[in-house]
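These are the residues of each chain, in order.
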Amino acid sequence: MATPTLDKVEAESAASPYITVTLRIRRFNPEVSDEAQWQDFRIEIDPKERVLDALHKVKWDIDGTLTFRRSCAHGICGSDAMRINGKNRLACKTLIKDVNPEKPITVEAIKGLTVLKDLVVDMDPFFQAYRDVMPFLITKGNEPTRERLQSPEDRERFDDTTKCILCAACTSSCPVFWNDGQYFGPAAIVNAHRFIFDSRDEGGEQRLEILNDRDGVWRCRTTFNCTDACPRGIEVTKAIQEVKRALITRRF
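Residues numbered from 1 in each chain as written. Predicted model: local features only at pLDDT ≥ 70, side-chain atom pairs only at ≥ 80, totals over all residues. Heavy atoms only, no water.

Turning to the overall build of the protein, a few remarks are in order. Assigned secondary structure in the protein consists of 9 helices and 7 strands. For 252 residues, the compact-globule estimate of 2.2 N^0.38 gives 18 Å, and the C-alpha radius of gyration of the protein, at 23 Å, exceeds that figure by more than 25%. Seen through its principal axes, the protein has C-alpha atoms that stretch 85 × 45 × 30 Å. Across the 252 residues that make up the protein, the buried fraction comes to 43%. Carbon and sulfur atoms provide 48% of the accessible area of the protein, an area that totals close to 14,100 Å². (Helix = DSSP H or I, 4+ residues; strand = E, 2+ residues; numbered from the N terminus. Rg over C-alpha atoms; globule rule 2.2 N^0.38 Å. Buried < 20%, exposed > 50% of the residue type's maximum accessible area, 1.4 Å probe, protein only. Areas by Shrake-Rupley, 256 points an atom, 1.4 Å probe, with all protein chains shown as cover.)

As structure tokens, this is what we get:
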């Protein structure tokens, strides 16, 4: 068998889609240390692959102790929200080529929630705020004998806020939430909005009173961090302002 020439090897190497990138991951293991530390990993990866793929390479091939959440890997479950190069993103929707792979790609847990290990945070406070706004249809009387009809125009009124996947990217990008974990946060308000403006719902006044609390909607400082962070493109800040307006006018 003929030995490949140097020129052929170099040509094949040049044609390879793979590049070498450095993942700089903020590691934390409470069983080892009370302090978090940055750790670098050098991997070969196609720049068209995702940060989630890079994390898998580290976990599967280099360090099996790396801990992070992921599930559907298609931007639906919202479980792999993390800070990538200082911005909240879904690892499964962020391509390597879009985060400047020529420099170390920093990956760390989202802010404002207690880090349990590496990139995993305690989501209980986040989901408690979500439950507190009663994110379900409230009606009076007996169960209906037919479908509750709604016009396309009425559905469009709250269509944007139905897109929430509860990833916490918006809430954990909020400076108010970072400094006060009692604040309901953007995601809870978005999910309250989804039902407050639903023409079939009869619990709007109850939700507005909940959000009129000192830790409710008035804590928002309109920085637009939440809107920028939302991987679903929800106009989060607009939704919050509409809830504020409904509180003032009692029209929704």
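A few words on the nonpolar core. Counting residues in each nonpolar core, the largest one holds 65 residues, and the members touching the most others are Leu-23, Ile-25, Val-51, Leu-55, Val-107, Leu-211 and Val-243. Residues in contact with Leu-55, not counting those within four places in the same chain, are Leu-23, Ile-25, Leu-66, Phe-68, Met-82, Ala-91, Val-107 and Leu-119. (Core = buried A, V, L, I, M, F, W, Y, C linked by side-chain atoms within 4.5 Å. Contact = heavy atoms within 4.5 Å.)

Tallying each qualifying case throughout the model produces 1 aromatic pair. Centre to centre, the rings of Phe-126 and Phe-127 are 5.2 Å apart; their planes meet at 75°, and the pair counts as edge-to-face. On the basis of relative accessibility, which here comes to 28%, the residue Phe-127 falls in the partly exposed class. Taking the ring centre of Phe-197 as reference, the NZ or CZ of Arg-157 above it sits at 4.0 Å. The ring of Phe-195 carries Arg-194 above its face, with NZ or CZ at 4.0 Å from the centroid. (Phe/Tyr/Trp six-rings, centres within 6.5 Å; stacked < 30°, edge-to-face > 60°. Lys NZ or Arg CZ within 6 Å of the ring centre and 35° of its normal.)

Here the focus is the pattern of salt bridges. Within the structure shown, the criterion is met by 16 salt bridges. Linking Arg-155 and Asp-159 is a salt bridge whose minimum nitrogen-to-oxygen distance equals 2.7 Å. Asp-159 sits in the partly exposed class, given a relative accessible area of 32%. With a closest N to O distance of 3.5 Å, Asp-215 and Arg-214 form a salt bridge. (Salt bridge = Lys/Arg side-chain N within 4 Å of Asp/Glu carboxyl O.)

Our focus in this paragraph is the state of the cysteines. Overall, the coordinates contain 0 disulfides when judged by the stated rule. In this structure Cys-77 is not part of a disulfide, and its nearest cysteine sulfur, from Cys-72, lies 3.7 Å away. Owing to a relative accessible area of 29%, Cys-77 belongs among the partly exposed residues under this scheme. As a non-bridged cysteine, Cys-226 has Cys-220 as the owner of its nearest cysteine sulfur, 6.2 Å distant. (Disulfide = S-S within 2.5 Å.)

For Met-134, which is not a glycine, the phi torsion comes out positive at approximately 55°. Looking at the secondary structure, you find Met-134 in the loop between α3 (124-132) and α4 (152-156). Its identity as a non-glycine residue notwithstanding, Thr-222 has a phi of 55°, on the positive side. By the secondary structure assignment, Thr-222 is in the loop between α7 (204-211) and α8 (225-229). The exposure class of Thr-222 is partly exposed, given its relative accessible area of 33%.

What follows deals with the environment of Asp-118. Within the element layout of this structure, Asp-118 appears in the loop between β6 (115-117) and β7 (120-121). For Asp-118 and Arg-27, which are 91 residues apart along the polypeptide, the C-alpha to C-alpha distance reads 4.5 Å. What Asp-118 contacts, discounting residues up to four positions off in sequence, is Arg-26, Arg-27, Phe-28, Thr-65, Leu-66, Thr-67 and Ala-109. A distance of 3.0 Å separates the side chain of Asp-118 from the backbone nitrogen of Thr-67, its partner in a polar contact. (Polar contact = N/O pair within 3.5 Å; in protein donor to acceptor, adjacent residues only side chain to side chain.)

Glancing now at the sheet that holds strand β2 (residues 37-45). Spatial strand order, β2-β1-β5-β3-β4: 5 strands in an open sheet with mixed pairing. A single partner strand is all that each edge strand has here, and the edge strands are β2 and β4 (87-90). Geometrically, the sheet is characterised by an average inter-axis angle of 35° between neighbouring strands, direction not taken into account. As paired elements, strand β1 (residues 19-27) and strand β5 (residues 105-108) share 3 bridges and run parallel to each other. Among the inter-strand pairings, Ile-25 is bridged to a residue of β5, identified as Val-107. Contacting β1, β2, β3 (81-84) and β5, helix α2 (residues 51-62) runs over the sheet at an angle of about 100° to β2. (Pairing = 2+ DSSP bridges. Axes fitted to C-alpha atoms, helices over the stretch in contact; angles between N-to-C directions.)

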